[in-house]
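Residue-level listing of the chains:
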Amino acid sequence: MDSPVKDIAAGATAAGTGASTGARASAAPSAASARAARLGPVALVVAGGLSVQFGSAVAVLLMPRAGALGVVTLRLVLAAVVLLIVCRPKVRGYGRADWGTVVAFGTAMAGMNILFYQAADRIPLGAAVTLEVLGPLVLSVIASRRLMNLLWAGLALGGVLLLSGGGFDRLDPVGAAFALGAGAMWATYIVFSARTGRRFPQADGLALAMAFGAVLSLPFGIVEAGDKLLVPSTIGLGLCVALMSSVLPYTLELLALRRLPAPTFAILMSLEPAIAATAGFLVLSQALSLTDALAIALVIAASMGAVRTQMKRVSTLPPQA
């Protein structure tokens, strides 16, 4: 029993039923706090998804200036600079396994961005994200050992395929291949983001991984964009993309994965096509059809179901002392 409840009970012994009334009053805020603690990681994932997809829409507008690889370089380099300044991560006291995790995380991050922007340069944003999210969905199926999570993943997959409008066969095959490759790297990103969050305090591991990913992307951006990367207005838009698509969402996802199982997190990633479609409508003037709306509803229903399943699982665990 919590100490505030003990105090109430001790002070109300002579009052009979007053003790139980006080205990119930104290339990209500405790239950609300527990509910908020379970929903907290979900809110972080949703906020990160909103940020990254609207940032991707801005990145599409930036591509004519710097090219797809130039945008990736601007995004990762500027995000790395911001994170290194804010976090000031320590580089001593870590073992080979820790640094191996950072390298793998940074490589997955760079690969995911390079492949995705190559896809977005060839096919519509909504279609690119729809294909990309298949990676996390496959991860959720492989990693989950619960039947309900498999069912929610299947429902989300149905929504993702419906959102495609049956038009994947009419897409640029190279762009579609890039999007699928980005999905594979996204699944890898989820795994190593969780490991990095456990091995490094706060966002230190993210800052170090982002710096490594930026170094990997730099030669590609220089070859494609050259001195276009140094234009002040391009740098300004690149900083906006870096903050919206890397710094904020990756930090939120890193924090969420410390308290959220990877299968549930992967199913929540199925919200990304819906968010991307909304961002495409608001920023890029890409209209939504009734079929798109139905697909988005299916994806949201699957994500909500996954969240409720996770909340029920957590609520059945024995309380910690």
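Because the structure is a prediction, the values reported are computed rather than measured. (Residues numbered from 1 in each chain as written. Predicted model: local features only at pLDDT ≥ 70, side-chain atom pairs only at ≥ 80, totals over all residues. Heavy atoms only, no water.)

### Topic: the packing of helix 4 (residues 125–132) against helix 5 (residues 134–143)
Two elements in contact, helix 4 and helix 5, have axes whose closest approach is 5 Å; the angle formed by their N-to-C orientations is 20°. Looking at the two axes, helix 4 sits roughly parallel to helix 5. Residues Thr130, Leu131 and Glu132 of helix 4 pack against Leu134, Gly135 and Pro136 of helix 5. Residue composition of the contact of helix 4 with helix 5, grouped by class: three nonpolar, two polar and one charged. (Axes fitted to C-alpha atoms, helices over the stretch in contact; angles between N-to-C directions. Helix = DSSP H or I, 4+ residues; strand = E, 2+ residues; numbered from the N terminus. Parallel < 35°, antiparallel > 145°, perpendicular 65-115°, else oblique. Contact = heavy atoms within 4.5 Å. Nonpolar A, V, L, I, M, F, W, Y, C, P; charged D, E, K, R; others polar.)

### Side note on the packing of aromatic side chains
As enumerated under the stated definition, the model contains six aromatic pairs in all. Ring geometry for phenylalanine 116 versus tyrosine 117: centroids 5.6 Å apart, planes at 70°, classification edge-to-face. Ring geometry for tyrosine 189 and tyrosine 250: centres 5.3 Å apart, planes at 45°, overall tilted. Taken together, the residues tyrosine 189 in helix 7 (residues 173–199) and tyrosine 250 in helix 9 (residues 232–257) connect sequence positions 61 residues apart. Assessed through its relative accessible area of 1%, tyrosine 189 is described here as buried. Sitting over the ring of phenylalanine 192, arginine 195 keeps its end group 5.0 Å from the ring centre. (Phe/Tyr/Trp six-rings, centres within 6.5 Å; stacked < 30°, edge-to-face > 60°. Buried < 20%, exposed > 50% of the residue type's maximum accessible area, 1.4 Å probe, protein only. Lys NZ or Arg CZ within 6 Å of the ring centre and 35° of its normal.)

### Structural notes on unusual backbone geometry
Positioned with a positive phi, arginine 88 is a non-glycine residue whose angle comes to about 45°. Mapped onto the elements, arginine 88 comes out in the loop between helix 2 (18–87) and helix 3 (96–120). Accessibility expressed as a relative area gives 69% for arginine 88, which makes it exposed. One non-glycine residue, glutamine 202, lies in positive phi territory at about 50°. Tracing the backbone shows glutamine 202 in the loop between helix 7 and helix 8 (204–225).

Function cannot be read off these values alone, since they describe shape.
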